[in-house]
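# A closer look at the structure
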Amino acid sequence: LRTVTITGPRTVDIIDVPEPQGRGDIVKVKILVTPTCTEWGSYRNGMSPDPLGHEAAGVVVDPGTSTFREGERVVVMPGYGCGHCYSCLEGEHIRCTAQRDALTETGSTSGRSTYAQYMLKPASLLLRVPDDISLTHASLACCALGPTLNAFETLRIDVFDTLVISGCGPVGLGGLIHAAVRGTSSICLEPDPQRSPLAMALGANAVVDPTDPQARDRLLEFTAGQGVSAAIETSGSPTAPHFLETVLQSRGRLAILAWGAPVDLRNVVPAGLELHGCWHWNHLRYGRRMFETIRRSAPLLDQFVTHSFPLDEVAEAWDVQLSKTCGKVLLFPWGLDADGLQPTRTREGAAPASARAGITRGAA
Ligand SMILES: [Zn+2]
Ligand SMILES: [Zn+2]
């Protein structure tokens, strides 16, 4: 199979390695879509991580002892959670501290990277894709739409909220998809003007530059001076958390999605803020809502995905990400027209599009 290896700063090789083999409940998946995430950082630094990548959608090749069937279309969840511990039983596989070793268990030498034509995954970390959803859209059920689905559910964000999304990278933009589906007014904070047009196209009511001295006033203007009711921080900027608490109403809700920077908050107790750390999403609890969100936002998702490349052009994909002039960037290990990407049936009696552009309302 063909897979990607980073050989130095901004240099990659596409190499051939032996195909992995499934065993027991570890399923062999043919990867048709590889959404790119933060691997551009490794590409820039020239260090190949192991595994490379964690987002993928594809087709079951060898279901092993699982209940999947050969040819079923699936989305892959990150990691190798044990499936038995407290976190895994709650659907929080991402927090499992007893990760499985899929290579040793199957006797394979490859199969953990998503930047490849095949991979291995325990059946409990695969989600069946509904027949009427394309695999390209379904592939967004990881970091594109997952962390913000978690935030929307955890903060209980709905049509009555005014939301601030800090950061217009792919994670923040995913939040705009949920806001559109749920009818939530949303304002983005983003200092890079190149990123504003896509945020506006995906339904942001405004994009405000957080480095503008008038930023706080501009945000308060949108809420008649009341402040916003919910905020999602995706930027990783060290100044973002404190800025957000200055624009939240009392008892406002704040979700931190970014990793790395210390979280500087000074008003949680006086303002009675509700604070949550949101990482990945819980596919046992929210699978139906995820696919319903994807179903209803299909036209917006086509705008959210700004670039698609065959796997061989992975360097171009990462260069686009480094330029920040993109939404979600997808790779296609078997080409852009591979069998299995398209829906296998259309939905009967699809509901008419709502007044709001790009959103389809329909029965859940
Ligand atoms: Zn576990
Ligand atoms: Zn990711």
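See the structure printed just above.
These remarks concern the structure in this document. (Residues numbered from 1 in each chain as written. Chains lettered and ligands numbered in written order. Predicted model: local features only at pLDDT ≥ 70, side-chain atom pairs only at ≥ 80, totals over all residues. Heavy atoms only, no water.)

### Description of the overall build of the protein
The helix and strand tally for the protein stands at 13 helices and 15 strands. In terms of C-alpha radius of gyration, the protein reaches 20 Å, essentially the compact-globule figure of 21 Å for 364 residues. For the protein, the spread of C-alpha atoms along the principal axes amounts to about 60 × 50 × 40 Å. The 364 residues of the protein split such that 54% are buried. Considering only contacts within the protein whose residues lie at least 6 apart along the sequence, 66% involve residues at least 24 apart. In the form shown here, the protein has an accessible surface area of approximately 15,300 Å², with 52% of it arising from carbon and sulfur atoms. Counting 32 positive and 38 negative side-chain charges, the protein places the averaged centre of each group 5 Å from the other. (Helix = DSSP H or I, 4+ residues; strand = E, 2+ residues; numbered from the N terminus. Rg over C-alpha atoms; globule rule 2.2 N^0.38 Å. Buried < 20%, exposed > 50% of the residue type's maximum accessible area, 1.4 Å probe, protein only. Contact = heavy atoms within 4.5 Å. Areas by Shrake-Rupley, 256 points an atom, 1.4 Å probe, with all protein chains shown as cover. Lys, Arg positive; Asp, Glu negative; His and termini not counted. Charge placed at Lys NZ, Arg CZ, Asp CG, Glu CD.)

### A look at the coordination of the zinc ion (ligand 1)
Coordination of the zinc ion (ligand 1) by the protein involves Cys 82 (SG), Cys 85 (SG), Cys 88 (SG) and Cys 96 (SG), with metal-donor separations of 2.3 to 2.4 Å. One can describe the donor arrangement at the zinc ion (ligand 1) as tetrahedral, given that its four donor atoms subtend angles of 106 to 114° at the metal. Along the chain, the residues donating to the zinc ion (ligand 1) fall in the pattern C-x2-C-x2-C-x7-C. Take Cys 82: its relative accessible area is 14%, and that puts it in the buried class. You can call Cys 85 partly exposed: its relative accessible area is 21%. (Donors = N, O, S within 2.8 Å, 3.2 Å for Na, K, Ca; no water. Tetrahedral: all angles 85-135°; square planar, octahedral: opposite > 155°, others 65-115°.)

### Remarks on unusual backbone geometry
Of the consecutive residues Asp 50 and Pro 51, the connecting peptide bond is found in the cis state with omega at 0°. You can see Pro 51 is positioned in the loop between helix H1 (40-45) and strand E4 (56-62). A positive phi angle is found at Ala 224, which is not glycine, with a value near 50°. Looking at the element boundaries, Ala 224 is found in the loop between helix H8 (215-222) and strand E11 (228-233).

### Some words on the coordination of the zinc ion (ligand 2)
The protein atoms that coordinate the zinc ion (ligand 2) are Cys 37 (SG), His 54 (NE2), Glu 55 (OE) and Cys 143 (SG), at distances spanning 2.0 to 2.3 Å. Coordination at the zinc ion (ligand 2) comes from four donor atoms whose angles at the metal span 89 to 126°, giving a geometry best classed as tetrahedral. Mapping the donors of the zinc ion (ligand 2) onto the primary sequence yields the spacing C-x16-H-E-x87-C. Here Glu 55 lies in the loop between H1 and E4 and Cys 37 lies in the loop between strand E3 (26-35) and H1, a separation of 18 residues in the sequence. Comparing Cys 37 with Glu 55 shows no difference in burial state: the two are buried.

### Brief notes about the packing of aromatic side chains
Evaluated as defined, the whole model comprises four aromatic pairs. Their ring planes at 40° and their centres at 5.2 Å tell us that Tyr 115 and Trp 318 sit as a pair that is tilted. With a gap of 203 residues between them, Tyr 115 in the loop between helix H3 (102-106) and strand E6 (118-122) and Trp 318 in helix H13 (residues 314-323) connect regions that are remote in the sequence. Per residue, the accessibility class of Tyr 115 equals that of Trp 318, and both read buried. Pairing Trp 259 with Trp 279 gives two aromatic rings, centres 4.8 Å apart and planes at 70°, and the pair type is edge-to-face. Placement of the pair is Trp 259 in the loop between strand E12 (248-256) and helix H10 (268-271) and Trp 279 in the loop between strand E13 (274-277) and helix H11 (283-296), with a sequence separation of 20 residues. When its relative accessible area of 59% is taken as the criterion, Trp 259 is described as exposed. Under the relative-accessibility criterion, Trp 279 is labelled partly exposed at 33%. Site record: aromatic cluster; members linked through ring pairs are Tyr 43, Tyr 115 and Trp 318. For the cation-ring pair, Lys 121 lies above Tyr 80, with the distance from its terminal atom to the ring centre recorded as 4.1 Å. (Phe/Tyr/Trp six-rings, centres within 6.5 Å; stacked < 30°, edge-to-face > 60°. Lys NZ or Arg CZ within 6 Å of the ring centre and 35° of its normal.)

### Considering H13
When you tally the buried positions in H13, you get seven out of ten residues, the bulk of the element. For H13, the set of buried residues is Val 314, Ala 315, Ala 317, Trp 318, Val 320, Gln 321 and Leu 322. Check the buried side of H13 and you find it contacts strand E1 (2-8), strand E2 (11-16), H1, strand E14 (305-310) and strand E15 (328-332). Phi for Lys 324, located one or two positions after H13, is positive at around 65°.

### Points about the sheet that holds E13
Strand order in the open sheet made by the six strands is E10-E9-E8-E11-E12-E13, with parallel pairing throughout. At either end of the open sheet lies a strand with only one pairing partner, and these are strand E10 (206-208) and E13. Averaged over all adjacent pairs, the angle separating strand axes in this sheet is 20°, with direction ignored. Bridge analysis of E11 against E12 gives five bridges, and the strand direction is parallel. Directly across from Val 228, in E12, lies its bridge partner Leu 248. Across the face of the sheet, H8 comes into contact with strand E8 (162-166), strand E9 (185-189) and E10 while running at roughly 160° to E10. (Pairing = 2+ DSSP bridges. Axes fitted to C-alpha atoms, helices over the stretch in contact; angles between N-to-C directions.)

### Description of the side chain of Ser 42
By the element assignment, Ser 42 lies in helix H1. Here Ser 42 falls in the buried class, since its relative accessible area comes to 17%. For Ser 42, the residues in contact, after removing those within four places along its chain, are Ile 6, Met 47 and Pro 49.

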